[in-house]
Amino acid sequence: MRVSKKGWAVIKIAVFLLCLAPFVFLVNDTIQDQLGANPIETLHFRLGDWALRFLCIGLAISPVKRFFRQAWLIRFRRMIGLFAFFYATMHLLVYMVLDLSLSWDAFVDEVPQSPYILVGLLTYVLLIPLAVTSTKAMQRRLGKKWLRLHQCVYLACISAIVHYFWLVKSDFNEPVFYAAVVFVLLALRIRVKRKPKLIS
Amino acid sequence: MLFKDKKAIKSSEITDQKVFHDRRRIIKAAAGTALGSMMSPAAYALKKYQAIPVGPYSASLKVTDYEDVASYTNYYEFTTNKTDATVLAKGLKTNPWKVKVEGEAEKTGDFDLEDILKANPLEERIYRFRCVEAWSMVVPWIGFPLGKMLQQFKPTSKAKFVEFTTLHNPDIMIGQRTGSLNWPYIEGLRIDEAMNPLSFLATGMYDDELPNQNGAPLRLVVPWKYGFKSIKAIVKIRFSETMPATAWNKRAEGEYGFYANVNPEVAHPRWSQSRERVLGASIFTPKRNTEIFNGYGEQVASMYSGMDLKKYF
């Protein structure tokens, strides 16, 4: 199947809109007052969920591409990664602006007392350089170092999972699910990496 | 073209959302009345406890919207999801209901809730409710003082604590099939805490019966303690000499103490307790500073004088 340049542009726009849909729904629910009794919590959790989901989708692209021999998938990895960063940014902004009301006193009081918030912040800090160096120009400039740097996303996924586990009171079903997904996606990479060695 | 005519609808013809919801409410109310009149004369009145007098300690607080209180509950017997509990709890049958009284008291045995309600005149108490998860609301409960009710069973001098147990029925309470907590849910109070005039047993809220998800037909309300102390759907009350082993304390000893008094100075090991999100406020409203004993220090602080509240959290 050959897709023209124009065709890819259309597909990319469609994927972009699809990735943006959860955010549009969230904005709509906010305007319509459909976020339930604790709207800030709902916003915060739903944005966090989507950040984690996009991290997982981003992580899935390269193994899926390999196993199903669908090279075109890689075209969407940058966009998926940037959407993970976008949702993580909104997740953090809801915490800072709505939950803490931009109060420095509240930040200093609440954050050091919460190990899971510290881990969440660490996750975000890990994602910043990846988002900044996500352009083609940066990829060219950094060469081999770029790949090394972007392997930081493995660490970010693990710390996002830790962040989730640490905040739950007693029902671990959801963090266990995401931990399993991330575990499988990371484990697949270990196998794929060994293969070339055996051949050589 | 099937949808050609869509454009023909003028914006002026589209029902305003508020009007739409008002209409829905009227239709719902009408349906309720019709259904009620078919069932029984008692069900005819839409609200069961409309003429209940307001009792003491009901500070003039802005009451949280009923919809928020009834759609945001921690009821792990059904689910750990606060909104799903509203639907899942519907299957619970709360009438007839018996409460077993046992332990260090002269009068023990099985009692019909109906008889307990006859012996204890109802009143309304408007209390703050502060969850350990750092959110709060203000609820107008309908019920009766716990202490007066407990006295009727004539506790002996050995009764140092009171233990409460929630119904255990995994057929209906599907959350009890999971290990989210040790079932059945158990809570407890020191006898002086139970006898404190603030301690309340609720059977209703907002002039009506308790919705199932809020703990029908009988729940504890201890407003100076974190919400998990206010046990729901009580089937057993036991007077005991020793401190009861409570559900959340068994789950995580270092995080949920037996006393669980609201205290902004004593953080949960994983989060601060110094502020709380007041439900029902706009999303731009800052959190409220949490008060010691949730603002009920005048009534309860003396019970803990000399106690290290950091140690006995």
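Residues numbered from 1 in each chain as written. Chains lettered and ligands numbered in written order. Predicted model: local features only at pLDDT ≥ 70, side-chain atom pairs only at ≥ 80, totals over all residues.

*Asks:* Hey, could you go over the overall build of chain B for me, with residue numbers and the actual values?
*Replies:* Counting its secondary structure elements, chain B contains eight helices and twelve strands. Here chain B holds 313 residues, and 37% of them are scored as buried. Look at the contacts in chain B between residues 6 or more apart in sequence, and 70% of them connect residues 24 or more apart. (Helix = DSSP H or I, 4+ residues; strand = E, 2+ residues; numbered from the N terminus. Buried ≥ 20, exposed ≤ 12 C-beta atoms within 10 Å, placed from the backbone. Contact = placed C-beta atoms within 7 Å.)

*Asks:* Lay out the overall build of chain A with the relevant residues and their values.
*Replies:* For chain A, the count of helices and strands is nine helices and zero strands. Across chain A, helices and strands are ordered from the amino to the carboxyl terminus as α-α-α-α-α-α-α-α-α. Projected onto its principal axes, the C-alpha coordinates of chain A cover approximately 55 × 40 × 35 Å.

*Asks:* I'd like a rundown of the interface of chain A and chain B, residues and numbers included.
*Replies:* With 18 residues of chain A at the interface, the matching set in chain B holds 19 residues. Going through the elements one at a time, helix 2 (39–68), helix 4 (104–110) and helix 5 (115–132) of chain A are the ones with two or more residues in the side of chain A that touches chain B. In terms of residues, the side of chain A that touches chain B owes the most to one element, helix 4 of chain A, which gives three residues. Counted by class, the side of chain A that touches chain B contains eight nonpolar, seven polar and three charged residues. (Nonpolar A, V, L, I, M, F, W, Y, C, P; charged D, E, K, R; others polar.)

*Asks:* Tell me what's going on with the sheet that holds strand 10 (residues 234–240) of chain B, and back it up with residues and numbers.
*Replies:* All names here are of chain B. Here five strands make up an open sheet; going across it, the order is 2-1-10-5-6 and the pairing mixed. Single-partner strands in this sheet number two, and they are strand 2 (109–112) and strand 6 (186–190). Neighbour-to-neighbour, the strand axes of the sheet open up by a mean angle of 20°, direction not taken into account. Pairing between strand 5 (residues 161–166) and strand 6: five bridges, direction antiparallel. Within strand 6, the position partnered with Phe164 by the bridge is Glu187. (Pairing = 2+ DSSP bridges. Axes fitted to C-alpha atoms, helices over the stretch in contact; angles between N-to-C directions.)

*Asks:* Requested: an account of helix 5 of chain A, with residues and values cited.
*Replies:* All names here are of chain A. Taking 1.5 Å of rise per residue, 18 residues should cover 26 Å, and helix 5 covers 27 Å from first to last C-alpha, within 8% of that figure. The set of residues buried in helix 5 consists of Ile117, Val119, Gly120, Thr123, Leu127 and Leu130. Each buried residue of helix 5 sits inside an arc of 155° when the element is viewed along its axis, so together they form one side. Within helix 5, the exposed residues directed more than 90 degrees away from the buried face are Val125 and Val132. Among the structural elements, helix 3 (77–99), helix 7 (144–150) and helix 8 (152–167) are those in contact with the buried residues of helix 5. (Expected span 1.5 Å × (residues − 1). Arc of directions from axis to C-beta.)

*Asks:* So, unusual backbone geometry: which residues are in play, and what are the values?
*Replies:* Across the junction of Asn95 of chain B and Pro96 of chain B, the peptide omega takes the value 0°, indicating a cis bond. Summarising the element assignment, Pro96 of chain B is placed in the loop between helix 3 (84–88) and strand 1 (98–103). A cis amide bond links Ala216 of chain B to the next residue, Pro217 of chain B, at an omega of 0°. Even without being a glycine, Leu102 of chain A presents a positive backbone phi close to 55°. The topology assignment puts Leu102 of chain A in the loop between helix 3 and helix 4. A positive phi angle, close to 65°, is found at Asp207 of chain B, a residue other than glycine.

*Asks:* Could you give an account of the pairing of strand 10 of chain B, with specific residues and numbers?
*Replies:* All names here are of chain B. Looking at chain direction, strand 1 and strand 10 are connected through four bridges and run parallel. Among the inter-strand pairings, Glu102 is bridged to a residue of strand 10, identified as Arg238. Relative to strand 10, strand 5 is paired through six bridges, and the arrangement is antiparallel. Note that in strand 10 the partner of Thr165 across the bridge is Lys236.

*Asks:* Please provide a residue-by-residue account of the nonpolar core, values included.
*Replies:* Counting residues in hydrophobic clusters, the biggest one holds 65 residues, and the most contacted among them are Trp141, Val162, Leu201, Ala202, Met205 and Ile234 of chain B. No other element matches the five residues that strand 4 (residues 135–145) of chain B contributes to this core. By size, the runner-up hydrophobic cluster in this structure holds 29 residues, among which are Cys19, Leu26, Tyr95 and Tyr164 of chain A. (Core = buried A, V, L, I, M, F, W, Y, C linked by C-beta atoms within 7 Å.)

*Asks:* Explain the confidence of the model for chain A residue by residue, including any values.
*Replies:* Low-pLDDT portions of the prediction should not be read for the details of their coordinates. Model confidence for chain A is summarised by a mean pLDDT of 94, while 94% of its residues fall at 70 or above. Element-level mean pLDDT values for chain A span from 82 in helix 9 (residues 173–199) of chain A up to 98 in helix 3 of chain A. (pLDDT = per-residue confidence, 0-100.)

*Asks:* Could you give an account of the confidence of the model for chain B, naming the residues involved and the relevant values?
*Replies:* Residue-level pLDDT values for chain B average 89, and 86% of them are 70 or greater. Within the model, the stretch residues 1–43 of chain B combines pLDDT values under 50 with seven contacts to residues more than four positions away or in other chains.

*Asks:* Can you explain the environment of Ala119 of chain B? Please cite residues and give values.
*Replies:* All names here are of chain B. For Ala119, the position within the fold is in helix 4 (residues 113–119). Residue class for Ala119 comes out exposed when judged on the 12 C-beta atoms lying within 10 Å of it. For the pair formed by Ala119 and Phe144, sequence separation is 25 residues and the distance between their alpha carbons is 9.9 Å.

*Asks:* So what's going on with helix 1 (residues 5–31) of chain A? Which residues, and what values?
*Replies:* Note on helix geometry: an α-helix contains 3.6 residues per turn, so any two residues three or four positions apart are oriented the same way. Residue and element names in this part refer to chain A. Spanning 27 residues, helix 1 covers 38 Å between terminal C-alpha atoms, matching the ideal 39 Å at 1.5 Å per step. At Ala21, helix 1 shows its largest kink, close to 40°, and the proline Pro22 lies no more than four residues downstream. Count one or two residues on from helix 1 and you reach Asp33, which has phi positive near 60°. (Bend = angle between axes of the 7 residues up to and from the residue.)

*Asks:* Give a description of the environment of Ile234 of chain B that names residues and reports values.
*Replies:* Counting through the fold element by element, Ile234 of chain B comes out in strand 10. Excluding residues that lie within four positions of it along the chain, Ile234 of chain B makes contacts with Val99, Phe164, Thr165, Thr166, Leu218, Arg219 and Leu220 of chain B.

*Asks:* I'd like a description of the packing of helix 1 of chain A against helix 2 of chain A, backed by residues and values.
*Replies:* All names here are of chain A. Closest axis-to-axis distance for the helix 1/helix 2 pair is 11 Å, and the angle between their directions is 175°. One element, helix 1, and the other, helix 2, form an angle in the roughly antiparallel class. Side by side, helix 1 and helix 2 meet where Pro22, Leu26 and Thr30 of the first sit next to Pro39, Leu43, Arg46 and Trp50 of the second. Looking at the contact of helix 1 with helix 2 residue by residue, the classes come out as five nonpolar, one polar and one charged. (Parallel < 35°, antiparallel > 145°, perpendicular 65-115°, else oblique.)

*Asks:* Break down the environment of Thr64 of chain B for me, with residues and values.
*Replies:* Looking at where Thr64 of chain B falls in the secondary structure, it is placed in the loop between helix 1 (17–39) and helix 2 (66–70). Between the alpha carbons of Thr64 of chain B and Tyr296 of chain B there is a distance of 19 Å; along the sequence they are 232 residues apart.

*Asks:* Tell me about the packing of helix 5 of chain A against helix 8 of chain A, and please be specific about residues and values.
*Replies:* All names here are of chain A. Contact pair helix 5 / helix 8: the axes reach a minimum separation of 8 Å and the direction vectors enclose 160°. As judged from the angle between their axes, helix 5 and helix 8 are roughly antiparallel. When the axes of helix 5 and helix 8 are compared, the crossing they make is left-handed. Along its contact with helix 5, which presents Pro115, Tyr116, Val119, Gly120, Leu122, Thr123, Leu126, Leu127 and Leu130, the element helix 8 presents Cys152, Val153, Leu155, Ala156, Ser159, Ala160, Val162, His163, Trp166 and Leu167. (Left-handed = near helix turned anticlockwise from the far one by under 90°.)

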